[in-house]
Amino acid sequence: MGKLVLTVDDSRTMRDMLRLALTDAGHTVIQADDGQHGVEVLNANPGIEVIVTDINMPRMDGYAFIDHVRRDLQDHSTPILVLTTESEATKKQRAREAGATGWIVKPFDPQKLVAAINRVAP
Amino acid sequence: MDPMEAIKQTYFQECEELLLAMEEGLIAMEGGEADSEAINAVFRAVHSIKGGGGAFGFESLVSFAHQFETVLDHVRSGKLDPDAQVVKVLLRAGDILADHVAAARSGQPLGEDHDRDVKEELAVLADGEATGGAEVAADFDDLDFTPMQIQIEDGEGAAPAAAGWRIRFAPHASLYANANDPLLIVRELKGLGNVEVEADLSKLPSLAEMDPANAYLAWTLTVHGDAPRGAIDEAFDFVTGDCDLEIEALAADSSTEPVSAPAGEFSEMPAPSVLVAEGRAAEAVRNDEKKGAPAAEPVAAVKQTIRVDLDKVDRLVNLVGELVITQAMLAQRVFEAEVQGAAAVGSGLVELEHLLRDLQESVMAIRTQPVKSVFQRMPRLVRELAVQTSKQVRLVLEGEATEVDKTVIDRLGEPLTHMIRNAIDHGLETPDERREAGKPEEGTVRLSAEHRGGRIVIELSDDGRGINRERVKEKAIEKGLIPATAALSDEEIDNLIFLPGFSTASEVSNISGRGVGMDVVRRNIVELGGRIVIASTPKRGSRFILTLPLTLAVLDGMVVGVGDQTFVLPLTHIVESLQPRKEDIRPFSRERSLLHIRDSYVPLVRTDELLGVKGAQTDPSKGVVILVESEGAGRLALTVDAIIGQRQVVIKSFEGNYQRIEGIAAATILGDGRVALILDVDGLVTRCRTNLNSDQIDQQATGTFG
């Protein structure tokens, strides 16, 4: 069943690609430009079921964003997937410590993205 | 369009912005003014370019960006001090990255060794950590978890295929706190084969002692079948590090042990994730706060922007233009009709007019952008030219925030580029020559922009050798552009470089001698409704001053009547208007006359004849003469019947609806609803005068013209 997915990425290209892949798979997408914007969108949309976020972003980066969701908003049930590149093992770990549920390796294969979403939010 | 193709276009657009942001940051670093956020922004820009490039399979771009990013990461983390030497390499790397983007966009691959030198320099700065492997290993020390060794088996190895897997799985509290759910993992395993689940409740405390945020349950999962190890690992991929996990292969002949709970009943077990989700994950919080993800930096008030299709803005500009016209028509009709209470309606209309003017200005302002987007391209050009010419050049940019219409911005890049090429190639001396001339070895090129009198003034100056007037004059005589006897002022000689066909051929080099002369630069500027002048001082340098309109959507014009037609003459081209005396009009040839104005003669042209208009005043001394000046071809006196007034008109382009017409620039709709043509003064003057300049007219007033 389609989910309401929040994507947080400062790159327009990446946002568009995420939207295309996710909407093709029947999900509905809300976009945010960075972590700070993500927080605002999240506060305004309590129905968000899955979050996909980039790490390197201006204003509020991915770690701080995840940390905010888990610590400040006390939300431990919304799955958060981080976008990371293959070589960034440390980033995966840091994201996990901040509270990420899983990750998607960039450049992502749309099928894998959808599979990852299914895995955390079937 | 194919959605991926559309995203690719977005990517290239975004790359342009990112490259500018990168360059801006690098230049700030060069000036030693970069704070950590500026360095971060550079890193992010390169990172984003790499990310998108990877998605589209631009391999050489990604490979280069990766190397670049590694070095930037070192700078960002403080491992590498961005001294002048480092920043120099970074700037060059930025240029190469831009080349990669351009190559990806055009589909023309860069030469194999195009980025080799810079890449090697980056590799040196990256300290041989190009793969990032060493860094990753080092960083693991900071983390208080143990990375799991993952054995990679391809399933075709020597080991006999396992009959299944036994998995011991004990989640930590953090697994739940991160919104992972053991149930989902079990479901995923069920997709790989038959799964038996045995719950280990031994750690479960009494209800009174239970902390809802903690994790107490563990499971032994047995997966039957020939699922590869990789698939099992993948199922636990997200939770590795948030659980104790042991995975062992079942021997092919070993019988499975009995299990207490079949998989089907698993979902009926208490779901700990719910408890955790609702309770306070105290332990997890404490753990994570120690390690401390960086707190969000205080958020400064950010200017909000939206991205709007230019067509939409243009439609708005057009509509507001129509609105202004409609208001003017309405006002005129009200006064003509002399309806009762016309005065009250009139004052309302005057107010409406003011509001519409404000509205129009605000709408026009949407189309404006800072000239920064053009100026920012210049530092790279200067760096490249400095290397090619072995000169030392400092570029000073001023007034980058000055705003001007987007169309003007878009079309400013080319002429400015050419002028900067000229300034560095021809204007500036070599370091040796400069030293001998008592100047600093480093030459300065200054590019500035400012608003002045409703126009934008862009100035490009250098402190080089200035224009060699002797040579310019010789060339002009040699090419027959001026008579050998012409007595020209210094200023007039300097301006000869703008004449079509003028090119000091002996100075042509591979940098600026690319077939584009200053005449083309001037034509570009004139097409934008601008002017360009030069002021040069020998041995001290040259100054080019460009004045351009702030917008191309409206124009200040003089509305004139000729016969049954109404025309608009752009105000910028009008020198003066006068009613000539009969004796000032001298017949010149069968078809033309000259008008004697003060001490000079100007060709007098019957506008009605020129444009084929009927019913016009045939005696110029009974009408009005408007003296216009073109950018390239001198002055002309145009006869008209009457001046109707001076007003701002909205430009309606012909090209979009009809075709280009020589001598006509565009059309507009006047207040009374009539269409009026806007005359293209340059086109008219060129048509009438060929290439003679005013000096020749003076000298040849009694000879033949034309």
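Given the structure is predicted, the values throughout are model-derived calculations rather than measurements. (Residues numbered from 1 in each chain as written. Chains lettered and ligands numbered in written order. Predicted model: local features only at pLDDT ≥ 70, side-chain atom pairs only at ≥ 80, totals over all residues. Heavy atoms only, no water.)

**So, the overall build of chain A**
Moving on, step 1. Across its full length, chain A holds five helices and five strands.
Moving on, step 2. Ordered by position from N to C terminus, the α and β elements of chain A give β-α-β-α-β-α-β-α-β-α.
Moving on, step 3. The burial tally for chain A puts 66% of its 122 residues in the buried class.
Moving on, step 4. Restricting the contact set of chain A to residue pairs at least 6 apart, pairs at least 24 apart contribute 61%.
Moving on, step 5. Of the roughly 4,100 Å² that chain A leaves accessible, carbon and sulfur atoms contribute 49%. (Helix = DSSP H or I, 4+ residues; strand = E, 2+ residues; numbered from the N terminus. Buried < 20%, exposed > 50% of the residue type's maximum accessible area, 1.4 Å probe, protein only. Contact = heavy atoms within 4.5 Å. Areas by Shrake-Rupley, 256 points an atom, 1.4 Å probe, with all protein chains shown as cover.)

**Thoughts on the sheet that holds strand β19 (residues 624-629) of chain B**
All names here are of chain B.
Moving on, step 1. Across the sheet, which stays open at both edges, the six strands sit in the order β15-β19-β20-β18-β17-β16 with mixed pairing between neighbours. Because the sheet does not close on itself, it has two edges, and the strands there are β15 (574-578) and β16 (585-587). Within this sheet the neighbouring strands show an average axis-to-axis angle of 30°, counted without direction.
Moving on, step 2. Examined bridge by bridge, strand β17 (residues 593-597) and strand β18 (residues 600-606) share five bridges and lie antiparallel to one another. Paired with leucine 595 across the bridge in β18 is valine 602. (Pairing = 2+ DSSP bridges. Axes fitted to C-alpha atoms, helices over the stretch in contact; angles between N-to-C directions.)

**Regarding the sheet that holds strand β3 (residues 50-53) of chain A**
Residues and elements named next belong to chain A.
Moving on, step 1. On the basis of which strands lie adjacent, the open sheet formed by five strands has the order β2-β1-β3-β4-β5 and parallel pairing. Edge positions in the open sheet fall to β2 (28-32) and β5 (102-106), since each of these has one partner strand only. Each strand of the sheet is rotated relative to its neighbour by a mean of 25°, with strand direction disregarded.
Moving on, step 2. Judged from the three bridges that link them, β3 and strand β4 (residues 80-85) form a sheet pairing that is parallel. The residue of β4 that forms the bridge with threonine 53 is valine 82.

**A short note on the packing of helix α4 (residues 84-106) of chain B against helix α5 (residues 116-125) of chain B**
Residue and element names in this part refer to chain B.
Moving on, step 1. Axis separation between α4 and α5 bottoms out at 10 Å; the angle between their running directions is 135°. What the angle tells us is that α4 and α5 run oblique. Handedness of the crossing formed by α4 with α5: left-handed. Facing α4, whose interface residues are Val86, Val89, Leu90, Arg92, Ala93 and Ile96, α5 presents Asp117, Val118, Glu121, Leu122 and Leu125. (Parallel < 35°, antiparallel > 145°, perpendicular 65-115°, else oblique. Left-handed = near helix turned anticlockwise from the far one by under 90°.)

**Points about the nonpolar core**
Moving on, step 1. Membership of the largest hydrophobic core comes to 84 residues, with the highest contact counts inside it found for A:Leu6 and B:Phe68.
Moving on, step 2. Here this core takes eleven residues from α4(B), the largest share from any one element.
Moving on, step 3. In contact with B:Phe68, other than residues within four places in its own chain, are B:Met22, B:Leu26, B:Val46, B:Leu90, B:Ala93, B:Gly94, B:Leu97 and B:Leu122.
Moving on, step 4. Core analysis: the second largest hydrophobic core is formed by 46 residues, B:Val445, B:Leu460, B:Leu528 and B:Leu546 among them. (Core = buried A, V, L, I, M, F, W, Y, C linked by side-chain atoms within 4.5 Å.)

**Comments concerning the packing of aromatic side chains**
Residues and elements named next belong to chain B.
Moving on, step 1. Summed over the entire model, instances satisfying the criterion amount to ten aromatic pairs over all chains.
Moving on, step 2. Note on phenylalanine 64 and phenylalanine 68: the rings are 6.3 Å apart at their centroids and 55° apart in plane angle, and the pair reads as tilted. Of the two residues, phenylalanine 64 and phenylalanine 68 are both situated in helix α3 (residues 59-76); the distance of four residues between them amounts to about one turn of the helix. Per residue, the accessibility class of phenylalanine 64 equals that of phenylalanine 68, and both read buried.
Moving on, step 3. Plain terms: the ring middles of phenylalanine 169 and phenylalanine 236 are 5.0 Å apart, the flat faces sit at 70° to each other, and that makes the pair edge-to-face. In this pair, phenylalanine 169 sits in strand β1 (residues 164-171) while phenylalanine 236 sits in the loop between α9 (229-235) and β4 (243-250), placing the two residues 67 residues apart along the sequence.
Moving on, step 4. On the basis of relative accessibility, which here comes to 1%, the residue phenylalanine 236 falls in the buried class.
Moving on, step 5. Through successive ring pairs, a cluster of aromatic residues spans Tyr11, Phe12, Phe56 and Phe58.
Moving on, step 6. Sitting over the face of the ring of phenylalanine 43, arginine 76 holds its NZ or CZ atom 3.7 Å from the ring centroid. (Phe/Tyr/Trp six-rings, centres within 6.5 Å; stacked < 30°, edge-to-face > 60°. Lys NZ or Arg CZ within 6 Å of the ring centre and 35° of its normal.)

**What to know about the packing of helix α1 (residues 3-30) of chain B against helix α2 (residues 36-55) of chain B**
All names here are of chain B.
Moving on, step 1. The interhelical angle for the contact between α1 and α2, taken along N-to-C directions, is 155°, at an axis separation of 8 Å. The orientation of α1 relative to α2 falls into the category roughly antiparallel. The handedness of the crossing between α1 and α2 is left-handed. Every residue of α2 that contacts α1 at Tyr11, Cys15, Leu18, Leu19, Met22, Gly25, Leu26 and Met29 is listed here: Ile39, Val42, Ala45, Val46, Ser48, Ile49, Gly52 and Gly53.
Moving on, step 2. Of the residues that constitute the contact of α1 with α2, the class distribution is twelve nonpolar, four polar and no charged. (Nonpolar A, V, L, I, M, F, W, Y, C, P; charged D, E, K, R; others polar.)

**Here we look at the environment of B:Thr639**
Moving on, step 1. Residue position: B:Thr639 is located in strand β20 (residues 635-640).
Moving on, step 2. In sequence terms B:Thr639 and B:Gly623 are 16 residues apart; their C-alpha atoms lie 6.9 Å from each other.

**What to know about the pattern of salt bridges**
Moving on, step 1. Within the structure shown, the criterion is met by 44 salt bridges over all chains.
Moving on, step 2. One network of salt bridges, with partners in common, ties together B:Glu23, B:Asp95, B:Asp99, B:Arg380, B:Arg383 and B:Glu384. (Salt bridge = Lys/Arg side-chain N within 4 Å of Asp/Glu carboxyl O.)

**Some details on helix α3 (residues 62-72) of chain A**
All names here are of chain A.
Moving on, step 1. Most of α3 sits out of view: nine of its eleven residues are buried.
Moving on, step 2. Taken residue by residue, α3 has Gly62, Tyr63, Ala64, Phe65, Ile66, His68, Val69, Arg70 and Arg71 as its buried positions.
Moving on, step 3. Downstream of α3 by a residue or two, glutamine 74 has a phi angle that is positive, lying close to 50°.

**Side note on the side chain of A:Arg15**
Residues and elements named next belong to chain A.
Moving on, step 1. For arginine 15, the position within the fold is in helix α1 (residues 12-24).
Moving on, step 2. For arginine 15, a relative accessible area of 10% translates into the label buried.
Moving on, step 3. Among residues more than four places away in sequence, those in contact with arginine 15 are Asp9, Asp10, Gln31, Ala32 and Asp33.

**Points about the pairing of β20(B)**
Residue and element names in this part refer to chain B.
Moving on, step 1. Most of β20 is tucked away, with five of its six residues classed as buried.
Moving on, step 2. The sheet contact formed by β18 and β20 spans three bridges and is parallel. Across the sheet, the residue bridging to valine 605 is leucine 638, located in β20.

**Looking at α2(B)**
Moving on, step 1. Taking 1.5 Å of rise per residue, the 20 residues of α2(B) would be expected to cover 28 Å, and the 28 Å separating its terminal C-alpha atoms lies within 8% of that figure.
Moving on, step 2. Most of α2(B) is tucked away: 15 of the 20 residues are buried. (Expected span 1.5 Å × (residues − 1).)

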